[in-house]
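Residue strings, one per chain:
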Amino acid sequence: MSALEGVRVLDMTHVQSGPSATQVLAWLGADVVKLEAPTGDITRRQLRDVDDADSLYFTMLNCNKRSITLNMKSERGKEIFTRLVAESDVLVENFGPGTVDRMGFPWERLREINPRLVYASIKGFGDGPYTHFKAYEVVAQAMGGSMSTTGLEDGPPLATGAQIGDSGTGIHTVAGILAALLQRERTGRGQRVSVAMQHAVLNLCRVKLRDQQRLAHGPLREYPNAAFGDEVPRSGNASGGGQPGWAVRCKPGGPNDYLYVIVQPQGWAPIARLIGRPELVEDPEWATPEARLSKLDKMFGLIEEWTLGQDKWAALAALNEHNVPCGPILSTREIIEDSSLADNDMIVTVDHPERGTFRTVGCPIKLSDSPVRVDRSPLLGEHTAEIFQERLGIDEAELAELKANGVI
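Heads up: these notes are all about the structure in this document.

Definitions and cut-offs
Residues numbered from 1 in each chain as written. Predicted model: local features only at pLDDT ≥ 70, side-chain atom pairs only at ≥ 80, totals over all residues. Heavy atoms only, no water. Phe/Tyr/Trp six-rings, centres within 6.5 Å; stacked < 30°, edge-to-face > 60°. Lys NZ or Arg CZ within 6 Å of the ring centre and 35° of its normal. Helix = DSSP H or I, 4+ residues; strand = E, 2+ residues; numbered from the N terminus. Expected span 1.5 Å × (residues − 1). Buried < 20%, exposed > 50% of the residue type's maximum accessible area, 1.4 Å probe, protein only. Salt bridge = Lys/Arg side-chain N within 4 Å of Asp/Glu carboxyl O. Axes fitted to C-alpha atoms, helices over the stretch in contact; angles between N-to-C directions. Parallel < 35°, antiparallel > 145°, perpendicular 65-115°, else oblique. Left-handed = near helix turned anticlockwise from the far one by under 90°. Contact = heavy atoms within 4.5 Å. Pairing = 2+ DSSP bridges. Polar contact = N/O pair within 3.5 Å; in protein donor to acceptor, adjacent residues only side chain to side chain. Arc of directions from axis to C-beta. Nonpolar A, V, L, I, M, F, W, Y, C, P; charged D, E, K, R; others polar.

## Description of the packing of aromatic side chains
Okay, step 1: Per the stated rule, a full pass over the model turns up seven aromatic pairs.
Okay, step 2: The ring of W286 carries the charged tip of K295 above its face, separated from the ring centre by 5.2 Å.

Okay, structure coming up:
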């Protein structure tokens, strides 16, 4: 049995933040029906690598769902939407602020149609001066605290490759939906779930807000920066935690021939011996974490002199023998070909009727009694007839009429 078996989700999302949330719900067993305009989610056509087939952008965010088309600008489309809302448990949307309201379905109307409905909305920003700003992944990173703290000390702010604005917001939305469904079991009432992309990024940047407040008491000693002002600086690859870390180069010196090494207090002695500097174990200038804090750049320079003599996998093995926390920088090619990720169903191969097989990311949430199977994304409107007949009792003749009138 799937964890969310029997939960019906009406998915009005598009692009990434919303589809990433509803895909997780679908992975966990909810019946997610993706409601698309007759032209389809725009990402079906964006960044195509195979002509006349849904793009990887779409397929990798919409697995395990069913698709219907519906023209919400038509009165008949609104009538059908009303009926779908009435028999759904969850409605999710990520349109611009007020879009669903302008369709004639503000929260008050939706709750009237279905008092048990959990209505989740993803927006760029919360209430206030930014409410109507357009938000994209990197805009959320810029305004949520990520970009100002990412990059090298003397370089420009940088975006992270992780989609913390879009997919990060999606995961926050899943948490809100599941909490609302659980509360509904006790109250019998649905509720509104709202998540802003800026807020989700900020939640993921909380350690930088921690450090902003610590600045009032002096420089951040675990940062490698030479000087501090009144704002948390960009600190390169510093770990940002209580234990210093850095990415050190390995041979043969390619763009991802690096190993990230964290030096815990108990890790310094085995590291010093491993890199051929055993005298530093007892040297008062190096023996304690406090002594090393003032020369983190030199410490990682010494480690790098050693790692430059071997590849990242050999260095990884040697350090792990001494329980030193470390990890190789894995390129996207290495990740997609990683056998352990495949064995853990985190890189999965999916068959698609138009584009053939493709690889995608599997579900990172593992439940012992509810294993996840990743199925392909739906073709546009593939399940319209099935769902309209199954849930709404619409027969073939009416389906033909709806199609002829541009409703589906």
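## As for helix α12 (residues 296-307)
Okay, step 1: Taking 1.5 Å of rise per residue, the 12 residues of α12 would be expected to cover 16 Å, and the 16 Å separating its terminal C-alpha atoms lies within 8% of that figure.
Okay, step 2: Every buried residue belonging to α12 is among L296, M299, F300, L302, I303, E304, W306 and T307, and all of these are buried.

## Here's the deal with the pattern of salt bridges
Pairing between side chains of opposite charge can happen when their charged atoms approach one another.
Okay, step 1: Under the defined criterion, the tally for this structure stands at 28 salt bridges.
Okay, step 2: For D41, the salt bridge goes to K34, with nearest N and O atoms at 3.1 Å.
Okay, step 3: You can call D41 buried: its relative accessible area is 4%.
Okay, step 4: Close ionic contact of R376 with E382 constitutes a salt bridge, the shortest N to O distance being 2.6 Å.
Okay, step 5: Look at R376 and you get partly exposed, because its relative accessible area is 25%.

## Re the packing of helix α16 (residues 384-392) against helix α17 (residues 396-404)
Angle between the axes and distance between the axes: these two values describe a pair of packed helices.
Okay, step 1: Running from N to C, α16 and α17 point in directions that differ by 130°, and their axes come no closer than 11 Å. Comparing their axes, α17 and α16 come out oblique. α16 and α17 meet at a crossing whose hand is right-handed. Across from A385, F388 and Q389 in α16, the residues of α17 making contact are E396, L399 and L402.

## Some remarks on the sheet that holds strand β8 (residues 258-262)
The pairing of strands in a sheet comes from backbone hydrogen bonds and takes either a parallel or an antiparallel form.
Okay, step 1: Spatial ordering of the open sheet is given by β7-β8-β9, a layout of three strands whose pairing is antiparallel. With partners counted over all chains shown, the strands left at the sheet margins are β7 (245-249) and β9 (326-328), one partner each. Each strand axis lies, on average, 20° off the axis of its neighbour in the sheet, ignoring direction.
Okay, step 2: By the bridge criterion, three bridges tie β8 to β9 in an arrangement that is antiparallel. Each bridged residue has a counterpart across the sheet, and for Y260 the counterpart in β9 is G327.
Okay, step 3: Docked against the sheet, helix α13 (residues 312-320) engages β8 and β9, running at close to 165° with respect to β9.

## Details of the environment of T349
Okay, step 1: One can find T349 in strand β10 (residues 347-352).
Okay, step 2: On the accessibility criterion, T349 (57% relative accessible area) is exposed.
Okay, step 3: In the structure, T349 is positioned 134 residues away from L215 in sequence and 48 Å away in space, judged by C-alpha atoms.

## Looking at the pairing of strand β11 (residues 356-361)
Regular strands place their side chains on alternate faces of the sheet.
Okay, step 1: Sheet analysis places β10 next to β11, joined by six bridges and oriented antiparallel. Counted as the bridge partner of I347 is V361 from β11.
Okay, step 2: Hairpin remark: β10 followed by β11, antiparallel, with three residues in the connecting loop.

## Considering the side chain of D211
Okay, step 1: Assignment of secondary structure puts D211 in helix α9 (residues 206-214).
Okay, step 2: In this structure the side chain of D211 is engaged in a polar contact, spanning 2.8 Å, whose partner is the side chain of R214.
Okay, step 3: Beyond its immediate chain neighbours, meaning those up to four positions away, D211 contacts L220, E222, Y223, V232 and G240.

## Let's talk about the sheet that holds strand β2 (residues 31-36)
Okay, step 1: Taken in spatial order, the six strands of this open sheet run β3-β2-β1-β4-β5-β6, and their pairing is parallel. Here the strands that pair on one side only, and so sit at the sheet edges, are β3 (66-69) and β6 (192-196). When strand polarity is set aside, the average angle formed by the axes of neighbouring strands in this sheet is 20°.
Okay, step 2: Of the pairings in the sheet, the one linking strand β5 (residues 118-123) to β6 comprises five bridges and is parallel in character. Residue pairing across strands places A120 opposite V193, the latter belonging to β6.

## Considerations on helix α6 (residues 137-144)
An α-helical turn contains 3.6 residues, so any two residues separated by three or four positions project in the same direction.
Okay, step 1: Listed in full, the buried residues belonging to α6 are E137, A140, Q141 and G144. Taken down its axis, α6 places every buried residue within 100° of arc, on the same side.
Okay, step 2: Buried residues in α6 make contact with α8 (197-204).
Okay, step 3: Immediately beyond the C-terminal end of α6, within one or two residues, lies G145, with a positive phi of roughly 105°.

## A word on the pairing of β8
Okay, step 1: Alternating residues of β8 divide into L259 and V261, all buried, and Y258, Y260 and I262, none buried.
Okay, step 2: Where β7 meets β8, five bridges bridge the pair, whose relative direction is antiparallel. Looking at the pairing, A247 lines up with Y260 of β8.

## Description of the environment of H199
Okay, step 1: By secondary structure assignment, the location of H199 is in helix α8.
Okay, step 2: Take H199: its relative accessible area is 43%, and that puts it in the partly exposed class.
Okay, step 3: The spacing of H199 and N225 is 26 residues in sequence and 28 Å in space, taken between C-alpha atoms.

## Some words on the packing of α6 against α8
Okay, step 1: At a closest axis distance of 8 Å, the pairing of α6 and α8 adopts a crossing angle of 55°. The pairing of α6 with α8 is recorded here as oblique in orientation. Considering how the two elements wind past one another, α6 and α8 form a crossing that is right-handed. The residues of α8 that touch α6, namely those facing E137, A140, Q141, M143 and G144, are M197, Q198, V201 and L202.
Okay, step 2: Here the contact of α6 with α8 is composed, by residue class, of five nonpolar, three polar and one charged.

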